[in-house]
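# Chains, contacts and geometry: an overview
Listed below, chain by chain, are the residues.
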Amino acid sequence: MKKLTMLLTLAMVLVLAACGNGNGDGGGEEGNGEAGGGEGEGRVAELQEAGTVNVGFANEPPYAFQNSESGELEGASIEIAKAVFQEMGIEEVNGHLTDWGELIPGVQAGQYDVITAGMAILPDRCENALFSEPEMQYGEGLVVAAGNPNDIRSYADIADNPDVTLALMEGTTQFDFVAQEGVADDQIMSVSDIPGQLSAVQSGNADVAAATEATLRAAYESLGSDDVELVEDFEQPDIDGVPSYGAAAFNMEDEELRDAYNEALETLKEDGTIDGILDDAEGFEAEANRVEVGEMTAEELCAGEE
């Protein structure tokens, strides 16, 4: 009788242990099933549950800007970000306007989940931000006083005339580009935004303004002034970083989020969505600005390979 009681007790312990293991395995399978369903874990799941992503952007038409009348976020970079996050299951893009030079510090500090403004992928930037794969490519441009009195058609022309003053927006790639072409530091006037660059030329405080071609064209057309003109026959510099490849960027710790963004971006490149956005955006066209999947990667650009 005692032996029978011991056997029954042992059997009950084994059954309870089996039930415990079954519940644990079931929980594990449930978790794997959720990950397999594409919802992910960590930051991605957090943003999907919230339905909102915080995006930092600089007011730089036509890449990213806030419509002064409607207050809506617009521009090629914004539209691409909206489409990608929607593909990821995140419907709302909550925009935060900031100065260009504060974009990377802001995403580093966790103020934004992502920053987007057509920012070029450069090795030094890759040390402080985690870039997505390229979303677009673009070249350089110049705005000068009407009639182009100093006959400026290239960065080299600026370097050759020490009396010429160049207005640049702080924190942009143009500082490196013009330095590589021999422009002296004392020729450069630093301003906070693109309108400030054009205003400097319009007022005669600067002779020329340099930025990406799409940016300057949009600003020039918006200004509608006869005092300045866009250099239509600008000679693109033969230097590293031109053409530039623009992309979204993330906190260095958000590799999972960046990878999910890349996966959705690739889908939208392949199904033609990104081409449609570029064709519809002011200052862009898919034929000139698209970056095919695998054509140029963030890894290559971060390593200084072009």
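Further up the page is the structure itself.
This section reports on the structure supplied with the text. (Residues numbered from 1 in each chain as written. Predicted model: local features only at pLDDT ≥ 70, side-chain atom pairs only at ≥ 80, totals over all residues. Heavy atoms only, no water.)

### A few points about a negative patch on the surface
A surface patch of negative charge is lined by Glu87, Glu263, Glu266, Glu270 and Asp271. With 3 residues, helix H10 (residues 255-270) is the largest single contributor of residues to the negative patch. Along the polypeptide, Glu263 turns up in helix H10. (Patch = residues over 30% accessible without salt bridge, like charges linked within 9 Å, V, L, I, M, F, W, Y side chains within 5 Å. Areas by Shrake-Rupley, 256 points an atom, 1.4 Å probe, with all protein chains shown as cover. Salt bridge = Lys/Arg side-chain N within 4 Å of Asp/Glu carboxyl O. Lys, Arg positive; Asp, Glu negative; His and termini not counted. Charge placed at Lys NZ, Arg CZ, Asp CG, Glu CD. Helix = DSSP H or I, 4+ residues; strand = E, 2+ residues; numbered from the N terminus.)

### Focus: the sheet that holds strand E12 (residues 228-230)
In space, the 5 strands of this open sheet follow the order E10-E9-E11-E8-E12, with mixed pairing throughout. Either end of the sheet is taken by a strand with one partner, and the two such strands are strand E10 (188-191) and E12. Along the sheet, successive strands turn relative to each other by an average axial angle of 30°, direction set aside. Two elements, strand E9 (residues 166-169) and strand E11 (residues 208-212), share 2 bridges in a ladder whose sense is parallel. Bridge pairing in E11 places Ala167 opposite Ala209. Packing against the sheet, helix H8 (residues 194-203) makes contact with strand E8 (140-145), E9, E10, E11 and E12, and its axis sits at approximately 155° to E11. This element, helix H9 (residues 213-223), spans E8, E11 and E12 of the sheet and lies at about 125° to E11. (Pairing = 2+ DSSP bridges. Axes fitted to C-alpha atoms, helices over the stretch in contact; angles between N-to-C directions. Contact = heavy atoms within 4.5 Å.)

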